[in-house]
Amino acid sequence: MTGAFDNHSFRTAIVPAAGLGTRFLPATKAVPKELLPVVDTPGIEIVAAEAAQAGAKRLVIVTSPGKESVVNYFRSAPELEENLERKGKTELLEKVRRGPGLLDVEVAIQKEALGLGHAVAQAEPNLTDEDTAVAVLLPDDLVLPAGVLERMAEVRVKHGGSVLCAFDIPKEQISPYGVFDVTDTDEEDVKRVHGMVEKPKPEEAPSTFAAAGRYLLDRAIFDALRRIKPGAGGELQLTDAVALLIEEGHPVHIVVHRGGRHDLGNPGGFLRAAVDFALDHPDYGPSLRTWLAERIENKG
């Protein structure tokens, strides 16, 4: 990439992964939620692959003490690799090497759960002067198909500032989300953001565009995070820092993603993701489809 794009693209992606995974207990007593497999691939590898596809060279995983295995997943495993190589298990060897080969992975520790904004702020010491913008990917959100980050980077080239991902949600289902107050631009699925309302009643929602877990944030976000006040529960909210930037004239846009999503943050959403990915899998899909059809028919 050359020219203006260098000033607006990103090298570093931040993945906040410090949560305790309480909705998956007791499994998450021993295995971090981010390593639970969607078919055979941990959710965090799927998100890391999305970041790498969009041009990220480095991943900073913000995690809590005791969850080092999330970062260790991206380290090579020489003994295992040697064992698989010796046995001629080439396909498995490729899978084992896939995660560590995606990008350089670093860790930042969030000692207390003080909100998403606080988690993102912990990654600032990992950045260099070259990081004029960073991507933030929430590992609970699978945005399908992958590719929205590239579109967001294009929008940042054109408009500068920060770019967020949004889904168009039916108005009657909008209440659980953060909803953007927007005006149109000359591109259909790119909107200028003027504010954001958390969990509005349907009749009070400023639009039907709801926040998804993908952000491409100007480096100015870290200064804003230092200046906002903690909200409920003493937490620093990323959206409050974005709101401060908007107040100060910093351009913020959304890209409306016309695809699907899965929420890996709860068992129900996780199961849907696993079934969706398994149905597309050449080894498991055909028999799973047949079994599901029979199972549903028999259950009436």
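Just so it is clear, the model here is predicted, and its values are computed rather than measured.

Looking at the packing of helix α4 (residues 78-86) against helix α5 (residues 90-98)
The geometry of α4 relative to α5 is characterised by a closest axis approach of 8 Å and an angle of 160 degrees between their N-to-C directions. One way to sum up the angle between α4 and α5 is to call them roughly antiparallel. In this structure, α4 crosses over α5, and the sense of that crossing is left-handed. Residue-level contacts link Leu80, Glu81, Leu84 and Glu85 of α4 to Leu92, Leu93, Val96 and Arg97 of α5.

Notes on the UniProt feature "domain: Nucleotidyl transferase" (unreviewed entry) in the protein
Feature annotation in UniProt places "domain: Nucleotidyl transferase" (unreviewed entry) on residues 13-276, given in this structure's numbering. For residues 13-276, helix accounts for 30% and strand for 27%, while the C-alpha atoms at its two ends are 26 Å apart.

Digging into the packing of aromatic side chains
Scanning the entire structure with this criterion turns up 2 aromatic pairs. Ring centres of Phe24 and Phe270 lie 5.7 Å apart, and the angle between their planes is 75 degrees; this geometry places the pair in the edge-to-face category. Note that Phe24 is positioned in the loop between β1 (12-16) and β2 (37-38) and Phe270 in helix α10 (residues 267-279), a separation of 246 residues in sequence. Judged by relative accessible area, which is 10%, Phe24 ranks as buried. An angle of 90 degrees between the planes, with centres 5.3 Å apart, marks the rings of Tyr73 and Phe74 as edge-to-face. Here the basic side chain of Arg261 rests over the ring of Phe167, its NZ or CZ set 4.9 Å away from the ring centre.

Thoughts on the pairing of strand β8 (residues 162-168)
Counting buried residues along β8, 6 of its 7 residues qualify, which places the element largely inside the surrounding structure. Across 5 bridges, β8 lies against strand β11 (residues 209-218) in antiparallel orientation. Its bridge partner lying in β11, Ala166 is registered against Ala211.

Examining helix α9 (residues 238-247)
Here α9 lies mainly inside the structure; 7 of its 10 residues are buried. Among all positions in α9, only Leu238, Thr239, Ala241, Val242, Leu244, Leu245 and Ile246 are buried. Where the residues of α9 are buried, they touch α6 (116-121), β10 (190-198), β11, α8 (220-227) and β12 (252-256). The positive-phi residue at the C-terminal boundary of α9 is Gly249, with phi of around 90 degrees.

Thoughts on the pattern of salt bridges
Within the structure shown, the criterion is met by 24 salt bridges. Residue Glu50 pairs with Arg214 through a salt bridge whose shortest N-O separation is 2.9 Å. Of this pair, Glu50 sits in helix α2 (residues 43-53) while Arg214 sits in strand β11, and the two are 164 residues apart along the sequence. On the accessibility criterion, Glu50 (6% relative accessible area) is buried. Taken together, the salt bridges that share partners define one network made up of Arg11, Arg58, Glu106, Glu130 and Asp131.

What counts, and at which threshold
Residues numbered from 1 in each chain as written. Predicted model: local features only at pLDDT ≥ 70, side-chain atom pairs only at ≥ 80, totals over all residues. Heavy atoms only, no water. Axes fitted to C-alpha atoms, helices over the stretch in contact; angles between N-to-C directions. Helix = DSSP H or I, 4+ residues; strand = E, 2+ residues; numbered from the N terminus. Parallel < 35°, antiparallel > 145°, perpendicular 65-115°, else oblique. Left-handed = near helix turned anticlockwise from the far one by under 90°. Contact = heavy atoms within 4.5 Å. UniProt positions renumbered as here; feature names shortened; annotations may be inferred. Phe/Tyr/Trp six-rings, centres within 6.5 Å; stacked < 30°, edge-to-face > 60°. Buried < 20%, exposed > 50% of the residue type's maximum accessible area, 1.4 Å probe, protein only. Lys NZ or Arg CZ within 6 Å of the ring centre and 35° of its normal. Pairing = 2+ DSSP bridges. Salt bridge = Lys/Arg side-chain N within 4 Å of Asp/Glu carboxyl O.

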